[in-house]
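Report on the structure
So the chains spell out like this:
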Amino acid sequence: MSRRSAEPVPTGVDCAGEGKARGSGSTAQQSAMEHWIDAYQRACPSAQIAYNPLGSGAGVAQFQRGATAFGATDGVLSKQEIAWSREVCRGGRAIHLPMAGGPVAIGFHLPGVENLVLDAPTLAKIFDSRITTWDAPAIKKLNPGTKLPSLPIRPMHRSDDSGTTQNFQEYLAGAAPEDWPHPAGKAWEGKGGGSATGSSRVAAEVSSSEGTIGYFELSSAVSRKITTVSIDTGAGEPVAPTTETASAGIGAADIVGEGHDKTLAFDYDAPKPGAYPIVLMTYEVVCDKGNQAASLPVLKSFLSYTASTEGQKHLAALHYAPLPAAVATEVRRAVRSLS
């Protein structure tokens, strides 16, 4: 008997009978999606859910072509992409449903240093190559009593367009606008440093090279045993990246989407104690109206499960931040309204 077949069948899942719903997109969401699909199909064996982790951009593009019932993305669609969605969403438009989050961890490799605190202005200058040594005064000020080596700093960033990059740059631009005068898109805008394709390769560089610092999902830091930075947000004690502190960060965000769109906005100017400020939010992108009739019942059933208490409760073990109850309630309400 396989490990998965021996797992208990989830309870309280409202199955929709036979049908199939296909999705594609975010690789950051891949582990969560694999867990959700496995659990849902044990509860609803007549339904079929397929997910292809092609990356956020490709997932949105497939959704826009009508090739999938949902796309998964780490970044919010542009106004132009929303306008294009009206062609596939007959009588409606694409909306965002937040489904899983997680901290974007800042990992570093510094001999003899196990605890490091940085703030947004200092991070901005490090990743823009304006603070270049680990014993710089700005870093010393944030870490009194810590013996910092006189090593060059080697900041690592993603060479490919990514939602992780977008979320990190949005934090830098929002929390330290005077120190990060760059656009906050999926392409990296900082000056200098090294680069690698994908979070796993950035994490590999940090893990193997002294003096290196980089950004990636918490799971990459955990799997490679990379020490991470605690962020001084100015609201109490510095905050380490954990699933709990990231959930608190999601809870501090505002829902700014119109109608049934549940886009979240993070206010970096008003940090809250215990809330990790650099959070990657993954969204399922669906039509509010005009969904494909053949896949709609299963789509609604599956997304109702993923946003349920049952669907969210195992995410922390996979290094994701579960949705706060208030946000999950709003998402389930939006799912029920899909037509």
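An account of the accompanying structure is given in this report. Per chain, the residues get numbers from 1 upward, laid out in the order the sequence is written. Totals for whole chains, interfaces and linings use every residue, but because this is a predicted model, local features are given only for residues with pLDDT of at least 70 and side-chain atom pairs only at 80 or more, for both listing and counting. As a rule here, side-chain values cover all heavy atoms of the structure and leave hydrogens and water aside.

Before going further, it helps to examine the pairing of strand β6 (residues 154–158). Along β6, four of the five residues are buried, which leaves the element largely enclosed by surrounding structure. Only strands that DSSP links by at least two bridges are regarded as paired with each other. Every helix listed is a DSSP run of H or I at least four residues long, and every strand listed is a run of E at least two residues long, numbered separately from the N terminus. With three bridges connecting them, β6 and strand β8 (residues 212–217) associate as parallel partners. Residue pairing for β8: Pro155 is matched across the bridge by Ile213. Alignment of β6 against strand β7 (residues 194–196), held across three bridges, turns out to be parallel. Note on β7: the bridge partner recorded for Met156 is Gly194. We call a residue buried when its accessible area falls under 20% of the maximum for its residue type, exposed when it is over 50%, and partly exposed in between, using a 1.4 Å probe and counting protein chains only.

Aromatic pairs are defined between Phe, Tyr and Trp rings, using the six-membered ring for Trp, whenever the two ring centres lie within 6.5 Å; interplanar angles under 30 degrees are classed as stacked, those over 60 as edge-to-face, and all others as tilted. Taken as a whole and assessed by the stated rule, the structure comprises 13 aromatic pairs. For the ring pair Phe168 and Trp188, a centre distance of 6.2 Å and an interplane angle of 10 degrees mean the geometry is stacked. Taken together, the residues span a long stretch of sequence, with Phe168 in helix α6 (residues 163–175) and Trp188 in the loop between α6 and β7 at a distance of 20 residues. Trp188 matches Phe168 in its accessibility class, with the two residues each being buried. Taking 5.7 Å as the distance between ring centres and 75 degrees as the angle between the ring planes, the aromatic pair formed by Tyr171 and Tyr268 counts as edge-to-face. Within this pair, whereas Tyr171 is found in helix α6, its partner Tyr268 is found in the loop between β12 (264–265) and β13 (279–287), the two being separated by 97 residues in sequence. The exposure class of Tyr171 is buried, given its relative accessible area of 3%. Joined through ring pairs, the aromatic side chains of Tyr40, Tyr51, Phe70, Phe302 and Tyr305 make up one cluster.

Along the chain, the position of Ser162 falls in the loop between β6 and α6. Judged by its relative accessible area of 4%, Ser162 falls in the buried class. Whenever a nitrogen or oxygen atom comes within 3.5 Å of another N or O atom, the pair is scored as a polar contact, on the condition that within protein one atom can donate a hydrogen and the other can accept it, and that pairs from neighbouring residues in sequence are kept only if both atoms are in side chains. A distance of 3.4 Å separates a polar side-chain atom of Ser162 from the backbone nitrogen of Thr164.

The next thing to look at is the nonpolar core. Put simply, buried Ala, Val, Leu, Ile, Met, Phe, Trp, Tyr and Cys residues joined by side-chain atoms within 4.5 Å make one nonpolar core. If you look at the biggest cluster of nonpolar residues, it comprises 45 residues, and the most contacted ones within it are Trp36, Tyr40, Leu97 and Phe302. Looking at this core, the elements with two or more residues in it are α1 (30–43), β2 (47–52), β3 (70–73), β4 (94–108), α9 (243–251), β13, α10 (296–306) and α12 (325–337). The contact definition used throughout considers only heavy atoms, calling two residues in contact when any of these lie within 4.5 Å. Excluding anything up to four places from it in sequence, Trp36 contacts Gln29, Met99, Ala100, Glu284, Phe302, Tyr305, Thr306, Gly311, Gln312 and Leu315.

The subject of this paragraph is the environment of Gly75. Structurally, the position occupied by Gly75 is in the loop between β3 and α3 (79–85). Residues Gly75 and Gly234 lie 159 residues apart in sequence; the distance between their C-alpha atoms is 26 Å. Leaving out residues up to four positions away in the same chain, Gly75 has contacts with Gln166 and Lys186.

It is worth spelling out the packing of α10 against α12 at this point. Under this scheme, a helix contributes an axis fitted over its contacting stretch, all axes are lines through C-alpha atoms, and angles between N-to-C directions fall in the 0 to 180 degree range. Where α10 meets α12, the axes come as close as 9 Å, and the angle between the chain directions of the two elements is 175 degrees. With respect to α12, the element α10 is oriented roughly antiparallel. Taken together, the residues of α12 that come into contact with α10 (itself represented by Lys300, Leu303 and Ser304) are Arg332, Val335 and Arg336. Its residues assigned to classes, the contact of α10 with α12 shows two nonpolar, one polar and three charged. Small angles under 35 degrees read as roughly parallel and large ones over 145 as roughly antiparallel, with 65 to 115 read as roughly perpendicular and the rest as oblique. Following the grouping adopted for this structure description, the nonpolar residues are Ala, Val, Leu, Ile, Met, Phe, Trp, Tyr, Cys and Pro, the charged ones are Asp, Glu, Lys and Arg, and the polar ones are all others, Gly among them.

On to the pattern of salt bridges, then. Any carboxyl oxygen of Asp or Glu that lies within 4 Å of a side-chain nitrogen of Lys or Arg is treated as forming a salt bridge with it. What the rule picks out here adds up to nine salt bridges. Of the charged contacts, one joins Arg42 and Asp38 as a salt bridge, the two residues approaching to 3.2 Å between their closest N and O atoms. With Arg42 and Asp38 both in helix α1, this residue pair falls four residues apart, about one helical turn. This pair shows no difference in class: Arg42 is buried, exactly as Asp38 is. One salt bridge connects Glu330 with Lys262, and the closest N-O pair in it is separated by 2.9 Å. Residue Glu330 is found in helix α12, and its partner Lys262 is found in the loop between β11 (254–255) and β12; the two are separated by 68 residues along the sequence. Residue classification places Glu330 among the partly exposed residues on the basis of a relative accessible area of 25%. One network of salt bridges, in which partners are shared, links Lys262, Glu330 and Arg333.

Next up on the list: the side chain of Ser308. Here Ser308 lies in the loop between α10 and α11 (309–312). Among the polar contacts listed, one links the side chain of Ser308 to the backbone oxygen of Tyr305, at a separation of 2.6 Å.

What follows covers the state of the cysteines. The criterion for a disulfide is a pair of cysteine sulfur atoms lying within 2.5 Å. Counted according to the given criterion, the structure contains two disulfides. Disulfide pairing is shown between Cys15 and Cys44; the S-S distance is 1.9 Å. Linking Cys15 and Cys44, the disulfide has an S-S dihedral of approximately -80 degrees and is accordingly described as left-handed. With Cys15 in the segment before β1 (19–25) and Cys44 in the loop between α1 and β2, this pair connects stretches of sequence that are 29 residues apart. Residue Cys44 is classed as buried on the basis of its relative accessible area of 3%. Through a disulfide, Cys89 is tied to Cys287; the S-S separation comes to 2.0 Å. Across the disulfide from Cys89 to Cys287, rotation about the S-S bond amounts to roughly -75 degrees, and the bridge is consequently left-handed. Taken as a pair, Cys89 in the loop between α3 and β4 and Cys287 in strand β13 lie far apart in primary sequence, 198 residues in all. The connectivity of the disulfide-linked cysteines in the chain, indexed sequentially, is 1-2, 3-4.

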